[in-house]
Structures are given as structure tokens and as C-alpha cells.
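In case you want the letters, here they are:
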Amino acid sequence: MPQEYDLTLKISRYDPDTRRSWIQDYHLKAGRILRFVDLFRKINDEQDPTLAWRSSCEHGQCGTCGMKINGKPLLTCELLVERAVGLFKTHTFNVEPLTAARVIRDLAVDLENAYERVHFVKPYIIARAATHPDGDEYRISPRTLDAYVEATRCINCFCCATACVTQRNYLGPNAVLANIVRLMDPRETAKEKRLDILYGEQGIPRCRTARACSFVCPKEIDIAHFIALAKEGAFRPEPSSTR
Amino acid sequence: MNTSIQRTGIEAYLTGILERSEKLSYYARAKGWGFVMTWAHRIAGLILVLYMFFHIYTLSALYEPAVFASKMKFVDNFVFGFLEWALAVPVIFHALNGARLICYEAFRIRHDALMIRWVFFLGAVYVLTLAHLMFMGNQQVSAGLFWLMVAIASTIASSIVYKKLRHTQNRLLWRLQRVSGAFLLPMVSGHMFFMHLNFQAGHDVDTITARMSGMGIKIVDFVFVILVFFHAGFGLYTIIGDWVEDRRLRAGLSVVASFVMAVFAYAGVRIIFSM
Ligand code: SF4
Ligand code: SF4
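Cut-offs and rules
- Residues numbered from 1 in each chain as written.
- Chains lettered and ligands numbered in written order.
- Predicted model: local features only at pLDDT ≥ 70, side-chain atom pairs only at ≥ 80, totals over all residues.
- Heavy atoms only, no water.
- Helix = DSSP H or I, 4+ residues; strand = E, 2+ residues; numbered from the N terminus.
- Buried < 20%, exposed > 50% of the residue type's maximum accessible area, 1.4 Å probe, protein only.
- Contact = heavy atoms within 4.5 Å.
- Lys, Arg positive; Asp, Glu negative; His and termini not counted.
- Charge placed at Lys NZ, Arg CZ, Asp CG, Glu CD.
- Pairing = 2+ DSSP bridges.
- Axes fitted to C-alpha atoms, helices over the stretch in contact; angles between N-to-C directions.
- Domains from an automatic or database assignment.
- Buried area = accessible area lost by both parts, 1.4 Å probe.
- Near = heavy atom within 4 Å.
- Nonpolar A, V, L, I, M, F, W, Y, C, P; charged D, E, K, R; others polar.
- Salt bridge = Lys/Arg side-chain N within 4 Å of Asp/Glu carboxyl O.
- Core = buried A, V, L, I, M, F, W, Y, C linked by side-chain atoms within 4.5 Å.

Scanning chain A for helices and strands turns up nine helices and seven strands. Taken over the C-alpha atoms alone, chain A extends approximately 65 × 40 × 30 Å along its principal axes. Classification of the 243 residues of chain A by burial places 56% in the buried group. The long-range fraction of contacts in chain A, counting pairs at least 24 apart against all pairs at least 6 apart in sequence, stands at 64%. The centroid of the 35 positive side-chain charges in chain A is displaced by 3 Å from the centroid of its 31 negative side-chain charges.

So, about the sheet that holds strand β3 (residues 66-69) of chain A. Think of a sheet as strands paired side by side through backbone hydrogen bonds, with each pair either parallel or antiparallel. All names here are of chain A. Within the open sheet, the five strands sit side by side as β2-β1-β5-β3-β4. Their pairing is mixed. Two strands in the sheet have a free side with no partner beyond their single neighbour: β2 (20-31) and β4 (72-75). If you compare each strand with its neighbour and ignore which way they point, the axes differ by 30 degrees on average. Contacts from helix α1 (residues 36-46) reach β1 (4-15), β2, β3 and β5 (92-96) within the one sheet, and its direction differs from that of β1 by about 75 degrees.

All names here are of chain A. According to the domain assignment, chain A consists of domain 1 (4-109) and domain 2 (112-231). A C-alpha centroid distance of 29 Å is found between domain 1 and domain 2. Taken together, the contact pairs 15 residues of domain 1 with 16 residues of domain 2. Carbon and sulfur atoms supply 58% of the area that domain 1 and domain 2 bury against each other, a total of about 1200 Å² over both sides.

If you check which residues of α1 of chain A are buried, you get F36, V37, D38, L39, F40 and I43 of chain A. Against β1, β2, β3, α2 (81-88) and β5 of chain A lie the buried residues of α1 of chain A.

Our focus in this paragraph is the site of ligand 2. Near ligand 2 lie 13 residues; those nearest to it are C164, C207, R208, A210 and C213 of chain A. Here the residues of the shell around ligand 2 are counted per class, giving 10 nonpolar, one polar and two charged.

The next subject is the site of ligand 1. Around ligand 1, the surrounding shell consists of C154, I155, N156, C157, F158, C159, C160, N174, C217, P218, K219 and I223 of chain A. Here the residues of the shell around ligand 1 are counted per class, giving nine nonpolar, two polar and one charged.

In this assembly, 41 residues from chain B lie in contact with 44 residues from chain A. Roughly 4000 Å² is buried in total at the junction of chain B and chain A, and carbon and sulfur atoms are behind 46% of that figure. Along the contact surface separating chain B from chain A lie eight salt bridges. Of the charged contacts in the structure, one is a salt bridge between D242 of chain B and R208 of chain A, with a shortest N-O distance of 2.7 Å.

Residues L62, F68, W147, M187 and F229 of chain B are the most contacted members of the largest nonpolar core, which totals 61 residues. In contact with W147 of chain B, not counting residues within four places along its chain, are M187, G190, H191, F194, R211, I217 and V220 of chain B. V109, L111, C160 and A230 of chain A belong to the second largest nonpolar core, which has 42 residues in total.

Here it is, written out as C-alpha cells:
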């Protein structure tokens with residue numbers, strides 16, 4: 001296993017002032033456990049300070065550094081050079097911004113714009129169920145929680161929305177998932193409202209069960225499973241079971 | 001719900017074969033085989049829509065038997081024979097892959113890697129059987145019994161799907177698309193099978209006319225044609241909806257697609273009842 005790789009990054013660039021888009025090649029040597037965010041930083045330091053990209057926590061928790069590497073949407077803070085070489089069997093990588101929102105510059109997309117779809121589904125409890133009579137806390141049975149706890153791991157990185165076959169007129173897998181989480185959450189009582197969004201024109205009728213969302217999700221959430229539950233009719237409204 | 005086992009399963013099985021195609025493996029590695037299957041499903045569907053138009057057009061020559069006979073003479077050669085057989089590939093792929101999607105969406109069958117293997121395996125068995133039948137020459141079957149069996153299979157399949165989706169809040173046309181798909185799986189694969197059992201069945205005017213003169217077969221063919229064009233029309237409608245952002249353009253294109261499908265469905269029904 002080589003200690004250092006000769007890499008070529010073909011990075012999509014975009015200059016909003018001139019509205020020019022182009023692909024720029026960067027050649028660099030990199031150790032096997034460097035992450036892709038480290039490569040971008042290295043490029044900024046050694047070759048080109050104008051390359052724009054985004055990251056925040058760099059621990060796979062904030063969802064800011066999502067990009068497409070050789071077509072695959074992923075978190076670049078989690079992608080080691082060595083793993084990328086093994087996965088794509090090449091030393092040349094196409095680096096593109098996510099398609100879930102408009103590009104601001106180079107690899108940075110407008111996450112505010114992407115979040116509009118998540119906000120649309122109201123990813124919070126719209127109408128609270130009553131708490132348990134013996135206290136002020138909610139009691140959710142482990143079995144109920146088990147059914148949807150996986151979906152609560154979503155960090156809204158928009159990798160799934162970028163991988164999805166349906167790129168237009170669709171809320172996108174993560175926004176649909178946020179809605180489903182609250183449908184499965186017994187603390188929420190506004191189920192009808194949520195079902196209207198779910199089965200609405202921009203909701204699950206646009207999902208083609210391609211499962212690309214589940215395939216790319218860095219949090220390993222099987223999003224397509226939850227969407228299929230909705231198609232199967234698993235969320236028919238029933239009396240709240242919080243109490 | 002972890003999907004990593006499924007990823008490995010699919011990749012281990014198919015990568016060896018499909019990696020030879022750089023484009024396919026690029027998408028498979030980037031977005032998974034499910035993504036590739038979805039596009040293949042769409043492309044196969046579009047090929048079938050075009051073929052259905054062509055099929056209705058050629059069958060419309062039955063109004064003038066001499067014209068039909070001369071057309072059939074033109075296609076009576078190895079190249080067209082091969083194309084007729086090759087058509088079974090998109091047909092059976094679209095049908096079986098559709099069944100896989102229904103299993104996933106409505107029946108909670110989550111062994112998707114295994115299901116993809118079954119789609120390829122059963123598809124291969126089907127097309128090879130058709131090739132075998134073509135080489136064997138004419139087989140004698142009772143058309144009435146054959147179509148009765150197919151009609152029963154189609155009715156059972158579509159009833160099961162209908163029962164499962166009836167009380168869900170999915171839109172009516174969305175549900176009908178799955179129900180019609182379940183009906184068409186035995187019907188379309190049976191139709192192609194029947195045509196390959198006996199070469200005359202689809203090429204000789206007298207044989208076709210005799211077969212289509214019974215009321216039972218007319219009813220089966222009527223339901224078949226209506227559901228095929230509904231299924232194709234709704235498929236086009238969803239593709240338009242997935243691609244066209246402008247509301248008015250989307251509505252306009254959907255109306256045009258529905259109109260074209262209705263015209264071809266009408267032409268098909270007219271042929272059936274004029275025999
Ligand atoms: S579901 Fe997964 S891929 Fe999609 S936004 Fe959430 S964490 Fe990212
Ligand atoms: S399963 Fe549905 S939401 Fe997920 S990628 Fe496919 S089409 Fe998109």
C-alpha cells in the first residue's frame with residue numbers, strides 16, 4: 001500500500017461575478033489518510049487560494065461539506081484518500097458541488113436555498129400530544145421508537161437529494177424523511193396535515209424507489225424503506241399512543 | 001435497516017459483469033444499482049411505448065388483408081425475426097423490474113439485492129425460452145385455454161395489488177399504475193410467449209382473424225389494450241412531471257401525451273372489434 005498518492009482533482013469551478021463555469025485540474029501528492037477536505041485546504045495553501053469550498057465540524061455531523069466525488073454525493077470530511085482510491089479505482093477524481101441547491105461559488109452551494117424544502121415540511125412537532133398524566137414527560141415505548149429512531153439521525157447534508165433520480169418538482173428524500181419522522185413520532189398529533197404533504201404533488205408520488213438515497217446516505221439511513229412504508233399505507237392516522 | 005449488506009451483495013454479484021461497461025459501473029458505484037435499474041426501467045418503458053405505436057400501426061393494416069400480408073412478407077426474414085425476439089428483452093425486464101418495485105413498495109420485501117438477481121435470472125430464462133421456441137418451430141396449443149390461464153393469472157396478480165393498495169392515501173392514478181402493471185406482467189409476457197409458440201399467430205391474416213373472432217379473446221384483448229395505454233400514458237406523465245418545472249408546459253405536455261395514448265388505444269380497440 002503506497003504511503004503517498006499522486007492525485008489529480010478535476011474541480012468544478014464557478015465564478016458568480018462573470019458567471020463562468022469551468023473545470024480546473026489540480027495535481028497534488030497526498031498521504032493515504034488525508035481527507036478530501038484536507039486536500040482542498042492543501043490546494044488553498046499551496047496552489048490556489050481562490051478555490052471556494054465549505055466545511056464546518058469536519059466530523060461528519062453538520063452536513064456542510066457534502067460534494068460529488070466521481071458522481072457520488074458524500075461528506076468530504078469523511079472520505080480518506082486511500083478509501084477513495086479503493087472505491088473508485090482511480091487516482092483522478094471529479095469534484096463537483098451538490099445539485100440540491102444553486103451554486104454560490106465553486107464547490108459551495110446555497111444551503112439556505114436547499115433548506116427551504118425541509119422547512120416546508122415543518123420538521124418540528126406542529127401540534128403536541130398531551131404528556132403522561134403522572135408527569136410532564138412523554139413516554140414512547142422502545143418498540144415505537146425503534147421503528148423510526150434511525151431516521152432521526154439525518155443531518156440534512158443533502159447527499160440523498162443530490163443522488164435522487166428525481167431532481168425537479170420533488171421535496172427530496174431528506175425533507176420527506178423529516179416529515180415521516182414526525183408522522184411516526186407519537187408526540188405529534190397533526191398527522192392529517194403531514195399526510196397531505198406526504199402524498200401531495202411534490203411528495204412521495206415523485207419517488208421512483210431507485211434507492212439511490214439509501215445507497216449514498218453517510219448516516220446509513222435506509223430512506224427508501226421509510227418512503228416505501230408511506231406508499232404501503234403504514235401511516236394511516238390512528239389515535240395518539242403517547243399516553 | 002442498514003443497507004451495507006445489500007450493497008455488498010449486489011456489487012459482489014453484478015460488478016464483475018457490469019464493470020466492463022465504464023458508464024454503468026460509474027453510476028452504480030456513485031448511486032447504486034437501484035439507480036441504474038430505475039433508468040433501465042424508464043428506457044425499456046420508452047422503447048415499449050414506441051413499439052406499441054408501431055404495433056398498432058402494423059395491425060391497422062388488417063383492415064386490408066392484402067396490405068397486411070405484403071407487410072408481413074417484408075418482415076419475414078432473419079433480421080426482423082431477431083428483432084422480434086430481442087423485443088422480449090425490454091418487455092420482460094420492464095415487467096419483472098416493475099414487479100420488484102411493487103414488492104418493495106407495497107409488500108415490504110426489502111431483499112432488494114436478491115430481487116435484482118431474480119429479475120435478471122427470470123428475464124434470461126424467459127428470453128432463452130422464447131429463442132428455443134422460435135427454433136423449434138410451430139407448437140400446437142389451445143388458444144382458448146392458454147388465454148384463459150393468462151387472464152386468470154393477470155386477474156389474480158392485479159387483485160392482490162389492488163387489495164394491498166386500496167386503502168392507502170396514494171393518488172388514484174398512482175395506485176392504478178401498480179394495479180395495471182400487475183395485470184400486464186402475465187398478460188404481456190403471455191402475449192409474447194404465445195406469438196413465439198406459433199409463428200403464424202402473429203403473421204398470417206387468416207390465423208389472426210380466426211383467433212380474434214371469439215368474444216372471450218376480444219374481451220381479454222380489450223382490457224389488455226386499455227391497460228397498456230393507460231400504463232404507458234401514466235408512465236410518460238410521471239417522466240414529464242419529473243423533468244418539466246414549468247407548470248403550464250407540464251400540463252400541456254401531459255394533455256398531449258394523454259391524447260396520443262387515447263388515440264392509439266381507440267385504434268387498438270377498433271381493430272379488436274372489427275375482426
Ligand atoms: S438522509 Fe442521509 S443523505 Fe439525506 S440528508 Fe439526511 S443524512 Fe444526508
Ligand atoms: S428511493 Fe425515491 S427518494 Fe430515494 S433516490 Fe430513489 S427516487 Fe429518490
